[in-house]
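In case you want the letters, here they are:
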Amino acid sequence: MDGTGTERSDILILGGGLIGMTLALSLAEHGISCVLVEKNPADTMLESGFDGRTSAIISSSWNMLTTLGLKAELETQGCAIHGIEVREGKNRKSVDFTPEDGILGMVFENAALRKAVYAKIRAHPLVTLHMGADVTTREFAEHSAHVTLDDGVILSARLIVAADGRNSPTRTAAGINLAQWRYPHSAIVTAITHTVPHRHIAHESFFRAGPFALLPMNDGADGMHRSSVIWTMAESDADGMLKLSGRGFLAEMRKIMGNMLGDIQLAAPRQAYPLGLHHAADMTAHRLALVGDSAHGIHPIAGQGLNLGLRDAAALTEVLVTGARLGLDFGDTQLLNRYARWRSLDTLLVTAATDNLTRLFALPGNIPSSLRNLGLAALQNIPALKTFFIDEARGRSGELPKLLKGAQV
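This structure is a prediction, so every number in the text was calculated from the model and none was measured. (Residues numbered from 1 in each chain as written. Predicted model: local features only at pLDDT ≥ 70, side-chain atom pairs only at ≥ 80, totals over all residues. Heavy atoms only, no water.)

For the rest of this paragraph, the subject is the overall build of the protein. A count of helices and strands for the protein gives 12 helices and 20 strands. Counting all 409 residues of the protein, 52% fall into the buried class. For the protein, the computed accessible surface area is about 17,900 Å², with 53% contributed by carbon and sulfur atoms. (Helix = DSSP H or I, 4+ residues; strand = E, 2+ residues; numbered from the N terminus. Buried < 20%, exposed > 50% of the residue type's maximum accessible area, 1.4 Å probe, protein only. Areas by Shrake-Rupley, 256 points an atom, 1.4 Å probe, with all protein chains shown as cover.)

Once that is clear, we can look at the nonpolar core. Ile11, Leu12, Ile13, Val37 and Leu320 are the most contacted members of the largest nonpolar core, which has 72 residues in total. If near-sequence neighbours (up to four positions away) are discounted, Ile11 is found in contact with Leu27, Ile32, Ser33, Cys34, Val35, Ala157, Leu159, Val161, Leu320 and Phe330. Core analysis: the second largest hydrophobic core is formed by 17 residues, Ile188, Phe207, Val229 and Ala238 among them. (Core = buried A, V, L, I, M, F, W, Y, C linked by side-chain atoms within 4.5 Å. Contact = heavy atoms within 4.5 Å.)

Attention shifts here to unusual backbone geometry. Even without being a glycine, Arg199 presents a positive backbone phi close to 60°. Note on placement: Arg199 falls in the loop between β12 (178-194) and β13 (201-207). Located in the positive-phi region is His200, a residue other than glycine, with phi close to 65°. What makes His200 partly exposed here is its relative accessible area of 28%.

Right, let's talk about the pairing of strand β15 (residues 225-234) for a bit. Here β15 lies mainly inside the structure; nine of its 10 residues are buried. When β12 meets β15, the two strands line up antiparallel, connected through 10 bridges. Bridge pairing links Ser186 to Met233 in β15. The sheet contact formed by strand β14 (residues 210-217) and β15 spans six bridges and is antiparallel. By the bridge assignment for β15, Leu214 is matched with Val229. (Pairing = 2+ DSSP bridges.)

Sheet topology note: the strand β9 (residues 135-140)/strand β10 (residues 145-149) ladder contains five bridges and is antiparallel. Among the inter-strand pairings, Arg138 is bridged to a residue of β10, identified as Val147. The turn linking β9 back onto β10 is made up of four residues.

This part is about the side chain of His198. Note that His198 resides in the loop between β12 and β13. Take His198: its relative accessible area is 8%, and that puts it in the buried class. Among residues more than four places away in sequence, those in contact with His198 are Cys79, Pro216, Met217, Arg226, Ser227 and Leu261.

Once that is clear, we can look at the packing of aromatic side chains. Summed over the entire model, instances satisfying the criterion amount to three aromatic pairs. Both rings, one in Phe212 and one in Trp231, keep their centres 5.4 Å apart while their planes meet at 90°; by these two values the pair is edge-to-face. Linking Phe212 in strand β14 with Trp231 in strand β15, this pair joins segments that are 19 residues apart in sequence. We note that Phe212, like Trp231, is buried. Look at Trp231 and Phe249: their rings are 5.7 Å apart centre to centre, the planes differ by 55°, and that puts the pair in the tilted class. (Phe/Tyr/Trp six-rings, centres within 6.5 Å; stacked < 30°, edge-to-face > 60°.)

Bringing the environment of Asp239 into the picture now. Along the chain, Asp239 falls in helix α7 (residues 235-243). For the pair Asp239 and Ala272, spaced 33 residues apart in sequence, the C-alpha to C-alpha distance is 8.0 Å.

Looking at the element boundaries, Gly246 is found in helix α8 (residues 246-257). Filtering out sequence-adjacent residues up to four positions away, Gly246 remains in contact with Leu266 and Arg270.

What follows concerns the sheet that holds strand β7 (residues 105-109). Taken in spatial order, the three strands of this open sheet run β3-β7-β4, and their pairing is antiparallel. Two strands in the sheet have a free side with no partner beyond their single neighbour: β3 (54-58) and β4 (79-81). Strand-to-strand, the axes of this sheet are offset by a mean angle of 30°, without reference to chain direction. By the bridge criterion, five bridges tie β3 to β7 in an arrangement that is antiparallel. The partner of Thr54 across the bridge, within β7, is Glu109. Packed on one face of the sheet, helix α3 (residues 59-67) meets β3 and β7 and runs near 90° to β3. (Axes fitted to C-alpha atoms, helices over the stretch in contact; angles between N-to-C directions.)

Keep in mind that these numbers describe shape and distance, not what the molecule does.
Encoded structure:
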């Protein structure tokens, strides 16, 4: 803090979700000081009750978390994904995406990820936390950026990073436009126990109303096999599903799953989330960079949302660390333009791909269904094409930041 009572740092991160916290850790591990502001108190953010929400951390993202020193805390809490079986509706034939080397990724309870990253940044000497604090004003000046918190604290940095979610007030304050629309769907998220082992295989079945996905989880403390459920359906149907008794809901799920995992029981509350797509017109502005949901939000059809945000964090870290070694200002236009070029195309392509996939599988009728089955059969029988999709699923394609390759910048 300087003589004016202003708290200064290299980077000011607004938003303490998984992407904001991971970015703070990543920058601090490379010698860059960060202040992180999160409107929720730490106790609220770190609530321990399992609510069924999980994330699939693909192999490149796991490389990043490992490089940042989180392997010991997280390795035993994640369930490896050895392969994915994809099918059209209730068709028994599936496309099997199983890499010849390694795994596709790991499934974690979101609460476990938050706790591990929070513990690291809380103990880091280059990270200062303001939890349970809200931003009242934002100013992007010529040589620095400033915010005032609701408790009167003034923060200043060379660069602000907006990690404050899809409704980002920081993005709005900077005047960055947003393309967005709502899908007529909701995703019901929960978890189940089952009598047949999942064998570390994820499943995704595509129906006209949306995909039904099962992600393998570690067995519970009682030894029961567990899987996470993400079930996309029409919004009106989701409301009805939430009102069903547990027995009624399981009966509807068995119509989808058959006897794939044996007898099933609910292992977490059911929650419904509206689905939409949004994409910021720009990922940067004067002394501002956007990461994660502040910049983009996609349909969960491919499970890439969190991983896309981690790619933002890895790329921004590399750009800023490289700039610091050259003696550049963290808010330098050259640096921000490099970050924007690096991330804009990737995020746009992933956003478009998930949107097109959602619309493709929503087409009604026998002819579209037959064409989809033909496409899946082609994937199964053309090794080079299948390898391409496996590499995409693991996050190995394109120009990868060093952290995603498992190396420091």
